[in-house]
Amino acid sequence: MNIKLLALSLGGALLAQASLACSPPPQMTPPPLPAGLDGRLPVTYPDKDPNFPYIPPVSNGQCPVQLERYSNQASLPGLNDAETDRVYGAANPLTPVWDAGKVYNTGDLASLDGITYIAKWWTQNEKPGQAWGAWEVQNSGSQAAGPQPWSSSKAYSGGEQAAFNGRIYQAKWWTQNNPPDQAGSPWEDKGPLPVNSTSRPPQFSAKINRQADGSLKASFVSPQTVYLITFTEKVGAACRTEVHVDTSSADLPTPVTMLERWEVRIDGKVVSSLPGPQAIRTPSVLPPAPRNLPSNPDGSCSVAEGTVLSKTTHPNGMMFVANTEISASNAAGNYASVWLCNGNACRPSTLLAKYRFAQPIWP
């Protein structure tokens, strides 16, 4: 045999043997999605482990690769209205969200921030909820069962009721654009608002943590801004600041959506169903304290009276906060989800691929 050909043959064999010394990482086949609505949810994965990536040693014939790993914690965002509608399909249709670019004729419906509006006349690019505008709250159909959220654009006759900040108010006489909870308003407080079984719960964010024994800790939070407040710091008399509190230019108060219950599901089955927590008020930001300003050598103030030194706007609101623990036996399964519900109207989270907890992320 030709020596040159023999050398080439031996070299090729050695290269082939080297190439078979290790193999690429195996590709994981995901388990089947759950049946029912859970199987229609978008799938998300646990949070990445912050202690990785690293390069593992060659093991069991696998090639060393740059590797990341999932942690034992997962963040699950709640779906928005459009995503939830796609999950339910035609079985749970809701009014389409208002579109600034769409032309609406008299009688057309649109939803915004969970409230359904009806057009009083032709309109385009006019946001629902404005006082004296082209929209008013829709008061018919299953979505309007019980007192509806108060709207600045709707005219109320004496005796009509509206929901506002978790309470029911009844108009004493004709009124429009008068917030019910203001002193001297034409509204009478009729007590707490019962849960409206047709009202879809608010958006939320959930977390699921896997414990060492295989149990799960699940929690969610749903903040809701009720109104905005503005602090304006000005220079007053005697070279001392004054703080003016302004809510007149802020967004009008937003009704707080009530919550009946929340659920944790494993592979589409409810393993925990708990009453919805009461909304708790979030701490308000305190205005800055008045302060003295430096004076000029002649005793006059170094800053002219009336000068605006700062202007800040802060949200004041409420939020739902809750947590629970799922035993290891009940937590067994491949997929997990969190649902907030009022009657049959629910808002789900994404579907967590919990089988990937603490598993490698192959490139």
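Rules used in this analysis
- The numbering scheme is per chain: residues are counted from 1 as the chain's sequence reads.
- The model is predicted, so local features are restricted to residues of pLDDT at least 70 and side-chain atom pairs to those at 80 or more, both for listing and for counting; the totals for chains, interfaces and linings are taken over all residues.
- Derived side-chain values reflect all non-hydrogen atoms in the structure, with water molecules and hydrogen atoms excluded from consideration.
- Numbered from the N terminus, helices here are DSSP runs of H or I no shorter than four residues, and strands are runs of E no shorter than two.
- Here's how the labels work: a residue is buried when its accessible area is under 20% of the maximum for its type, exposed when over 50%, partly exposed in between, all with a 1.4 Å probe on protein chains only.
- Here, two residues are considered to be in contact whenever any of their heavy atoms come within 4.5 Å of each other.
- Along the chain, pLDDT gives the predictor's confidence residue by residue, from 0 to 100.
- It is the directions from the helix axis to the C-beta atoms that the arc portrays.
- The definition of a polar contact used here is a pair of N or O atoms within 3.5 Å, where within protein one atom must be able to donate a hydrogen and the other to accept one, and adjacent residues in sequence count solely through side-chain atom pairs.
- Between the rings of Phe, Tyr and Trp (Trp by its six-membered ring), a pair exists once the centres lie within 6.5 Å; its type follows the angle of the planes, with under 30 degrees stacked, over 60 edge-to-face, and the other angles tilted.
- Here, over-ring charges are defined by two tests on the NZ atom of lysine or the CZ atom of arginine: distance to the ring centre within 6 Å, and angle to the ring normal within 35 degrees.
- Buried residues of nine kinds, namely Ala, Val, Leu, Ile, Met, Phe, Trp, Tyr and Cys, make up a nonpolar core once their side-chain atoms join them within 4.5 Å.
- Pairing between two strands is assigned when DSSP locates at least 2 bridges connecting them.
- What counts as a disulfide here is a pair of cysteine sulfur atoms lying within 2.5 Å.
- Basic side-chain nitrogens of Lys or Arg form a salt bridge, by our definition, when they fall within 4 Å of a carboxyl oxygen of Asp or Glu.

A few words now on the overall build of the protein chain. When you go through the protein chain residue by residue, the secondary structure sums to three helices and 25 strands. Every one of the 363 residues in the protein chain was classed for burial, and the buried ones make up 37%. Restricting to contacts in the protein chain with at least 6 residues of sequence separation, those with at least 24 account for 60%.

Predicted confidence across the protein chain gives a mean pLDDT of 78, with 73% of residues reaching 70 or more. Contacts for the low-pLDDT stretch residues 140-145, under 50 throughout, to residues beyond four places or in other chains number 11 contacts.

Moving on, we come to helix α2 (residues 81-88). Along α2, the positions that sit buried rather than exposed are Thr84, Val87 and Tyr88. All buried residues of α2 project into a common sector of 90 degrees when viewed along the axis, lining one side. Those residues of α2 that are buried lie in contact with β22 (335-342) and β23 (345-348). Residue Asn80 occupies the N-cap position of α2, its side-chain oxygen lying 3.2 Å from the main-chain nitrogen of Ala82.

A few words on the packing of aromatic side chains. Summed over all chains, the structure comprises six aromatic pairs. A ring pair is formed by Phe204 and Phe220, whose centres lie 6.1 Å apart and whose planes are at 80 degrees; its orientation type is edge-to-face. Taken together, the residues Phe204 in the loop between β14 (187-192) and β15 (205-210) and Phe220 in strand β16 (residues 216-235) connect sequence positions 16 residues apart. When sorted by exposure, Phe204 lands in the same class as Phe220, which is buried. Measuring from ring centre to ring centre gives 5.7 Å for Tyr335 and Tyr355, while their planes differ by 75 degrees; the resulting arrangement is edge-to-face. Linking Tyr335 in strand β22 with Tyr355 in the loop between β24 (351-353) and β25 (360-361), this pair joins segments that are 20 residues apart in sequence. Comparing Tyr335 with Tyr355 shows no difference in burial state: the two are buried. Taken together through their ring pairs, the aromatic side chains of Phe204, Phe220 and Trp262 make up a single cluster. Sitting over the face of the ring of Trp339, Arg265 holds its NZ or CZ atom 3.8 Å from the ring centroid.

Let us look at the nonpolar core. Ranked by size, the top nonpolar core spans 21 residues in total, and within it Ile208, Leu216, Phe220, Trp262, Val338, Leu340 and Leu352 carry the most contacts. At the level of secondary structure, the elements contributing two or more residues to this core comprise β3 (73-77), β15, β16, β18 (261-266), β21 (308-326) and β22. Residue contacts for Leu352: discarding those within four places in its chain leaves Thr44, Tyr45, Pro46, Ala74, Leu76, Ile208, Asn334, Tyr335, Ala336 and Phe357. Leu79, Tyr335, Cys341 and Cys346 belong to the second-largest nonpolar core, a separate cluster that totals 11 residues.

Here β3 shows a buried face lined by Ala74 and Leu76 and an unburied face lined by Gln73, Ser75 and Pro77. Across five bridges, the pairing between β3 and β15 is antiparallel. Opposite Pro77, over in β15, you have Ser205 as the bridge partner.

Below, the discussion takes up unusual backbone geometry. Even without glycine at this site, Asn125 takes up a positive phi of about 60 degrees. Mapped onto the elements, Asn125 comes out in the loop between β7 (123-124) and β8 (135-137). Using a relative accessible area of 54% as the deciding quantity, one classes Asn125 as exposed. Not every positive phi belongs to a glycine, and Ala358 is a case in point at roughly 60 degrees. Along the polypeptide, Ala358 turns up in the loop between β24 and β25. Residue classification places Ala358 among the partly exposed positions, given a relative accessible area of 26%.

What follows is about the state of the cysteines. Scanning all chains against the criterion turns up two disulfides. Between the sulfur of Cys239 and that of Cys301 lies a disulfide, 2.1 Å long from S to S. Handedness of the Cys239-Cys301 disulfide follows from its S-S torsion of about 70 degrees: it is right-handed. Taken together, the residues Cys239 in the loop between β16 and β17 (241-246) and Cys301 in the loop between β20 (280-281) and β21 connect sequence positions 62 residues apart. Exposure remark for Cys239: the relative accessible area of 10% places this residue in the buried category. In this structure Cys301 comes out as partly exposed when scored by relative accessible area, which is 24%. Across the disulfide from Cys341 sits Cys346; the S-S distance is 2.1 Å. Linking Cys341 and Cys346, the disulfide has an S-S dihedral of approximately 110 degrees and is accordingly described as right-handed.

Turning next to the pattern of salt bridges. Throughout the structure, instances matching the rule amount to nine salt bridges. Between Arg291 and Glu233 there is a salt bridge, and its shortest N-O distance comes to 2.9 Å. With a gap of 58 residues between them, Arg291 in the loop between β20 and β21 and Glu233 in strand β16 connect regions that are remote in the sequence. Residue class for Arg291 comes out partly exposed when judged on its relative accessible area of 38%. A salt bridge links Arg261 to Glu263, with the shortest nitrogen-to-oxygen separation between them at 3.0 Å. Across this residue pair, the class does not change: Arg261 and Glu263 are buried. Shared partners join several salt bridges into a network, and the residues in it are Asp38, Glu260, Arg261, Glu263 and Arg265.

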